[in-house]
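# Structural features, examined
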Amino acid sequence: MAFSAALRDAAKATAIAFGLFVVMVGLRTDVSPTGALFLRTRWTELAMVCALVFAGRLAIGLWVTPRFLTNAGGSLAAPLAKAGAFFGMGLLVVAVVLPAIPGIGRYELDLAILVLTYVMLGWGLNIVVGLAGLLDLGYVAFYAVGAYSYALLAQYFGLSFWVCLPLAGILAAFWGILLGFPVLRLRGDYLAIVTLAFGEIIRIVLLNWVDLTGGPNGISGIPRPTFFGLPFNMSGDPGTFAGFFGLEPSPTHRVVFLYYLILCLALLTNWVTIRIRRQPIGRAWEALREDEVACRALGINVTNTKLTAFALGAMFGGFAGAFFATRQAFISPESFTFIESAIILAIVVLGGLGSQVGVAVAAIVMIGGFELFRDLDEWRMLVFGAAMVIIMVLRPRGLVGSRTPTVALGQKRSIGSDYVSEGRG
Amino acid sequence: MSTTLVPDILSVEELTMRFGGLLAVDRVSFEVPRGTITALIGPNGAGKTTVFNCITGFYRPTGGAVRLTTHEGREVILNTLKDHNIARAGVARTFQNIRLFAGMTALENLLIAQHGPLHRATGFGIGALLGISGYKAAEAAAIERAAEWLRAIGLIARADDPAGSLPYGDQRRLEIARAMCTGPSLLCLDEPAAGLNPRESDDLARLLLSIRDGTATSAAPTSILLIEHDMGIVMRISDHVVVLDHGKKIAEGPPAAIRQDPHVIAAYLGEAEQE
Amino acid sequence: MAYALQQLINGVSLGMIYGLIAVGYTMVYGIIGMINFAHGDIFMIGAFVALTAMVMLVSGGLMEGPAAILLVLAISMAFTALYGWTVERIAYRPLRGSFRLAPLISAIGMSIVLQNFVQVSQGARVKPLEPQLPGGIELMREGTFVVQLSYMQMLIIASTLAVLAIFTWLVTKTPLGRAMRACEQDRKMASLLGIDTDRTISLTFVIGASLAAVAGTLYLLRYGVIDFYIGFLAGVKAFTAAVLGGIGSLPGAVLGGLLIGLIETFWSAYFSVQYKDVAAFSILAIVLIFMPTGLLGRQEVEKV
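Residues numbered from 1 in each chain as written. Chains lettered and ligands numbered in written order. Predicted model: local features only at pLDDT ≥ 70, side-chain atom pairs only at ≥ 80, totals over all residues. Heavy atoms only, no water.

## A look at the overall build of chain A
The number of helices and strands found in chain A is 18 helices and 4 strands. Scaling as 2.2 N^0.38, a compact globule of 425 residues should have a C-alpha radius of gyration of about 22 Å, and chain A matches this with 24 Å. Structurally, chain A occupies a C-alpha span of about 75 × 70 × 50 Å along its principal axes. For chain A, the residues scored as buried account for 55% of the 425 residues in total. The contacts of chain A with a sequence gap of at least 6 include a subset with a gap of at least 24, amounting to 70%. For chain A, the computed accessible surface area is about 17,700 Å², with 68% contributed by carbon and sulfur atoms. (Helix = DSSP H or I, 4+ residues; strand = E, 2+ residues; numbered from the N terminus. Rg over C-alpha atoms; globule rule 2.2 N^0.38 Å. Buried < 20%, exposed > 50% of the residue type's maximum accessible area, 1.4 Å probe, protein only. Contact = heavy atoms within 4.5 Å. Areas by Shrake-Rupley, 256 points an atom, 1.4 Å probe, with all protein chains shown as cover.)

## A few points about the sheet that holds strand β5 (residues 75-77) of chain B
Where strands meet in a sheet, backbone hydrogen bonds hold them as pairs that are either parallel or antiparallel. Residues and elements named next belong to chain B. On the basis of which strands lie adjacent, the open sheet formed by 4 strands has the order β2-β1-β4-β5 and antiparallel pairing. Two strands in the sheet have a free side with no partner beyond their single neighbour: β2 (22-32) and β5. On average, each strand axis in the sheet is tilted by 20° relative to the strand beside it, whichever way the strands run. Direction of pairing for strand β1 (residues 10-19) relative to β2: antiparallel, over a ladder of 7 bridges. Residue pairing across strands places S11 opposite E31, the latter belonging to β2. Sitting on the sheet, helix α1 (residues 48-55) is in contact with β1, β2 and β4 (63-69), with an inclination near 115° to β1. (Pairing = 2+ DSSP bridges. Axes fitted to C-alpha atoms, helices over the stretch in contact; angles between N-to-C directions.)

## Brief notes about the pattern of salt bridges
A full pass over the atoms with the stated rule returns 35 salt bridges over all chains. Residues B:R67 and B:E13 are paired through a salt bridge, measuring 2.7 Å at the closest nitrogen-oxygen approach. Placement of the pair is B:R67 in strand β4 and B:E13 in strand β1, with a sequence separation of 54 residues. Of the residues examined, B:R67 reaches a relative accessible area of 24% and is grouped as partly exposed. The partner of C:E88 in a salt bridge is C:R93, with the nearest N and O atoms 3.6 Å apart. (Salt bridge = Lys/Arg side-chain N within 4 Å of Asp/Glu carboxyl O.)

## Notes on the environment of A:F38
Locating A:F38 in the fold gives a position in strand β2 (residues 37-41). You can call A:F38 partly exposed: its relative accessible area is 34%. Taking C-alpha positions, A:F38 is 54 Å from A:H253, a pair spaced 215 residues apart along the chain. Aside from chain neighbours lying at most four places away, what touches A:F38 is A:R28, A:T29, A:D30, A:V31, A:S32 and C:V55.

## Digging into the pairing of β4(B)
Residues and elements named next belong to chain B. Here 5 bridges tie β1 to β4, and the two strands are oriented antiparallel to one another. When the sheet's bridge partners are listed, S11 is paired in β4 with R67. When β4 meets β5, the two strands line up antiparallel, connected through 3 bridges. Paired with L68 across the two strands is V76, which belongs to β5.

## Focus: the side chain of C:S150
By secondary structure assignment, the location of C:S150 is in strand β3 (residues 145-150). Using a relative accessible area of 14% as the deciding quantity, one classes C:S150 as buried.

## Comments concerning the interface of chain A and chain C
Across the boundary between the two partners, chain A contributes 65 residues, which contact 66 residues of chain C. Taking both sides of the interface into account, the surface hidden between chain A and chain C amounts to around 5,800 Å²; carbon and sulfur atoms contribute 76%. Our count for the contact surface shared by chain A and chain C stands at 7 residue pairs in polar contact (both at pLDDT 80 or more). Contributions of two or more residues to the side of chain A that touches chain C are made by α1 (3-24), β1 (27-31), β2, α8 (161-183), α9 (188-208), α14 (292-297), α16 (338-351) and α18 (379-394) of chain A. (Buried area = accessible area lost by both parts, 1.4 Å probe. Polar contact = N/O pair within 3.5 Å; in protein donor to acceptor, adjacent residues only side chain to side chain.)

## Remarks on the UniProt feature "transmembrane region" (unreviewed entry) in chain C
All names here are of chain C. Taking the numbering used here, the UniProt-annotated feature "transmembrane region" (unreviewed entry) corresponds to residues 12-35, 42-62, 68-87, 151-171, 201-222 and 279-297. With 100% helix and 0% strand, residues 68-87 has its two end C-alpha atoms placed 28 Å apart. Between the end C-alpha atoms of residues 279-297 there is a gap of 22 Å, over a span that is 63% helix and 0% strand. (UniProt positions renumbered as here; feature names shortened; annotations may be inferred.)

## Quick look at the nonpolar core
The biggest cluster of nonpolar side chains holds 219 residues, and the ones touching the most others in it are A:I331 and C:F37. With 15 residues, helix α6 (residues 106-131) of chain A is the largest single contributor of residues to this core. Structurally, this core is a two-domain feature, drawing no fewer than three residues from each of domain 1 (3-64) and domain 2 (83-394) of chain A. Those residues in contact with A:I331 that sit more than four places away from it in its chain are A:A147, A:Y148, A:A151, A:G218, A:I219, A:I222, A:F324, A:A325 and A:F336. By size, the runner-up hydrophobic cluster in this structure holds 65 residues, among which are B:A159, B:I176, B:A179 and B:V241. (Core = buried A, V, L, I, M, F, W, Y, C linked by side-chain atoms within 4.5 Å. Domains from an automatic or database assignment.)

## Focus: the sheet that holds strand β3 (residues 37-41) of chain B
All names here are of chain B. Read from one edge to the other, the open sheet built from 6 strands follows the order β6-β7-β8-β3-β9-β10, with strand pairing classed as mixed. Whereas interior strands pair on both sides, the edge strands pair on one side only; in this sheet they are β6 (91-93) and β10 (248-253). For this sheet, the mean angle separating the axes of adjacent strands, direction not counted, is 20°. By the bridge criterion, 3 bridges tie β6 to strand β7 (residues 186-190) in an arrangement that is parallel. Each bridged residue has a counterpart across the sheet, and for A92 the counterpart in β7 is L187. Contacts from helix α7 (residues 168-180) reach β6 and β7 within the one sheet, and its direction differs from that of β7 by about 155°. Packed on one face of the sheet, helix α8 (residues 198-213) meets β3, β7 and β8 (223-227) and runs near 145° to β8.

This is the structure:
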């Protein structure tokens, strides 16, 4: 772009920025000690923001052509899609040996556990959104059902984690069917908003049913997981993990154990998804995403097919929830807000609908990146939201937009995103 | 209509469809004789597509009955079934604006058509997940059946290409093959020749005749009901023609008789004369 | 009886606010078929701009009373409209014609951005504003219970009706309205007929945002407390209202807003305040299950 044109463009952008920020940045209302509001002016900040916009816009106008913008993601995605299997294997190997890598301490492991939880949630939601094409904005509800199932079963009946884990999954799946049955014939955005509503209903009930759930105070003292009956503690008794194996008691044991637990759970999700995708039911999910009417004409029971996807996705959400509860030892409704659903959905869409590797990478980038910016404090969410917008604008189909066929007579060739439909349901 | 003892494959009785105040189909009755290609024709707005959608379960008729007698001689009242059960009962259909699963390969499209039996073979998803055998054999058979159809429509070389990347004419034939993979007693085609060039139309005509006679693949001979605008192809391949106009049946018979029928000529040319 | 009447008044004035926001959702949905998830936060921005303007006018001693309120309304509409325009330009326009989930994610991202931008720039604390228009008229007295129609509620009802009247005129009688309806029917055809669809869509966002600004201002004046998070719940409820009324239908959005406002108010008054949102959302689910196109929505005939 010519310099004068870029200059004009930047000036225009700055004028708009001034309009946007003059009230919200240039002025600020604060509560005075008397309780009344008073106005503060921050003209320097306003000037700085406007100067920043001017410089940024000018730079984009001069050096970044639109062509570059559209190619920016392509260069990243092509090798990712091609070397998908290798890349996935590499990630897996790193994941398995991670606790043994020197320099990986407690903090890194905790972060890895967090990332893996989101990988698992992303894979679970991927079944619903990515494969079956059902837009679910209330996935966090099943995460909450799983977490509260474990917490309540442990609190009231003293059941152990290993008994509760499958129960939490089954209960979440049950809720998935219960909620899904009436609404799954709704299309697209209606389904999205009803699932969002269900997510909120469950959260509000958890918040207000104080007798059962402790309301906003949540449930604390949730039993920590045991190593198949051997608790982790520092006493060194033969009945504990460290004592039984003759190890020096260390708090890291539990973290490492939790790490491998979530890794196994996530891999289970992955394994089931990959396997089911090659089966009639998985193919029916994808067909449903492509064209629901054609499915009906081929004798596929659309409602049941959608329900299985919904229930299976919910079940993995429930597993993840139970894990979350045992890891934190404390849960409250605050952990299950809409923003969680949005983040999980963002991971699925950013990764590329239906792509297992893409979802894993997206979870690492989003959650890891989010942690990277922890020093930014309250700016962190701002950056996070902006990143969501920018990534979508640059790569609307996510990191991996292509699809691998489930079966082939000859060589399996991946299918470009131009052909793959994103579903309407 | 039919004088043989074999019952007609499909019998439509007093079929009526009303959209609000509009009477789209008014007490239409006709039969699709077994082993024939029956064409449903008529000027635009005659109610062909509505009749078609009632038969295939996409609309629920306001009145009347649609009866299917399957290969095995089982009688099914279609108008009381939900749409996916109509397909399971043995009525397969294609769409006027092709509805393939564009992002899936040709082979996958044909496998999805065999979802019902395959899904049962997997123990509804649970058995195969745990690796219980039985599914492998069922899948191999399904792939063999799909390959047979791909050969029949000349697309075996493109089995692993996404359906959306195929040329238009190939997509039409693939959609027919997909419908046939459900193992239907009756194949319903909604304007199968629309948008095809003369050569592709010829290929299509041959394919339909071979489906009727059971020579396309190892599948049994299958009766066909089709809606078509292209009179050339209708007259060439149909054994039986039903003509609708303004929601009513105005004629029925073999193509040669229909061509001479004054009502039909009036229906098609009448509007032209007034202009 | 008196109690019910009072709830009716409260419910209608709350419903008017929801209705104003819902119109923005339904317009955008009608024209580009996407849930503008950031619309609730546009409403929140409107409330904040109004707060700043109000404090400036009143504490500066420049103006007071109804005249100040009108001016604040105008300021809020102008600045919020700019936000609506910018959001569309940055987050949605580059994704036009792209696949359907992309704009939704981008919208959710934008919603996060707006919320946290306000949190950073204006602080996370709740902002209280003293009542600007106290008092009202007494309608009825039953024992000690007084049914009151406050001036504020009268203002809400009057200004909503006025704004909606202008808006209806805009959509039905002006070339812009015709262009909007044409884009809604068939965007490609409209552009072939020489309608600048980008500009029309931008203007739709501008109008939607100004209506949300009116809602934000009225909300601020009526309830007197706002924070950066009010947009989410109000947005979800307004979207519920739009869906309830039949998405794409403008009268439906207002009707849906009124119903949601009434349901919420009556539920809180007679059953439980905590579960008022559950009531609103449950009604949404029930309506959608039995009436999938909403109350006034067009019946979609499935073409096969």
